[in-house]
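Spelled out, the chains give:
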Amino acid sequence: MQFPEFISSFPKLDVPFPEDVVQTAVIRSDAGLVAFFTFLKDMELPLHSHGAQWGTVVEGEIELTIGGQTRTYRPGDSYSIPSGVEHGGIIKAGSRVIDVFEEPDRYPIKG
């Protein structure tokens, strides 16, 4: 299932991953950032930390390690990453994820 056209036409994020690996769409406010990610290729997300994040898998499969605990997430599963907790993982090609970041400037919007 693709994200609807109106979501796909939202502004794009300037993420540190190639566009042939991940596509983005974003809504940003002073309160936070809502990002719609589509992964075109398998991707390894290195361990890192930042402000709080919540996400849900719309399609596909991701394996996340959050605070040293690894779990596989599938469509309908959600995860919550507290502020400052180290996390990373493997995201399968074809996955679609919605992530909400407490930091409105977590990623810059492409200009």
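Here is a short report on the structure shown in this document.

Reading the values: the criteria
Residues numbered from 1 in each chain as written. Predicted model: local features only at pLDDT ≥ 70, side-chain atom pairs only at ≥ 80, totals over all residues. Heavy atoms only, no water. Helix = DSSP H or I, 4+ residues; strand = E, 2+ residues; numbered from the N terminus. Rg over C-alpha atoms; globule rule 2.2 N^0.38 Å. Buried < 20%, exposed > 50% of the residue type's maximum accessible area, 1.4 Å probe, protein only. Contact = heavy atoms within 4.5 Å. Areas by Shrake-Rupley, 256 points an atom, 1.4 Å probe, with all protein chains shown as cover. Salt bridge = Lys/Arg side-chain N within 4 Å of Asp/Glu carboxyl O.

### Some thoughts on the overall build of the chain
Right, on to step 1. Summing up its helical and strand segments, the chain has 1 helix and 9 strands in all.
Right, on to step 2. Scanning the chain from its N terminus toward the C terminus, one meets helices and strands in the order α-β-β-β-β-β-β-β-β-β.
Right, on to step 3. Against the compact-globule benchmark of 13 Å for 111 residues, the chain has a radius of gyration of 13 Å, which places it among compact chains.
Right, on to step 4. For the chain, the spread of C-alpha atoms along the three principal axes comes to 35 × 30 × 25 Å.
Right, on to step 5. Looking at the chain residue by residue over its 111 residues, the buried ones come to 36%.
Right, on to step 6. Looking at the chain alone, contacts between residues at least 24 apart form 61% of all its contacts between residues at least 6 apart.
Right, on to step 7. About 6100 Å² of surface is accessible on the chain, with carbon and sulfur atoms providing 52% of the total.

### Side note on the environment of Phe3
Right, on to step 1. Its location among the elements puts Phe3 in the segment before helix H1 (5–8).
Right, on to step 2. Phe3 sits in the buried class, given a relative accessible area of 12%.
Right, on to step 3. With sequence-adjacent residues up to four places away left out, Phe3 is seen in contact with Ser8, Phe36, Phe37, Thr38, Val58, Arg96, Val97 and Ile98.

### Let's talk about the pattern of salt bridges
Right, on to step 1. For the structure shown, the criterion picks out 4 salt bridges.
Right, on to step 2. Ionic pairing is found between Lys110 and Glu19, a salt bridge with its closest N-O pair at 2.2 Å. With a gap of 91 residues between them, Lys110 in the segment after strand S9 (96–101) and Glu19 in the loop between H1 and strand S1 (22–29) connect regions that are remote in the sequence.
Right, on to step 3. Residues Asp20 and Lys41 are paired through a salt bridge, measuring 2.8 Å at the closest nitrogen-oxygen approach. Remark: Lys41 occurs in the loop between strand S2 (32–39) and strand S3 (43–48) and Asp20 occurs in the loop between H1 and S1; sequence separation between them is 21 residues.
Right, on to step 4. Under the relative-accessibility criterion, Asp20 is labelled partly exposed at 42%.
Right, on to step 5. In this structure Lys41 comes out as partly exposed when scored by relative accessible area, which is 41%.

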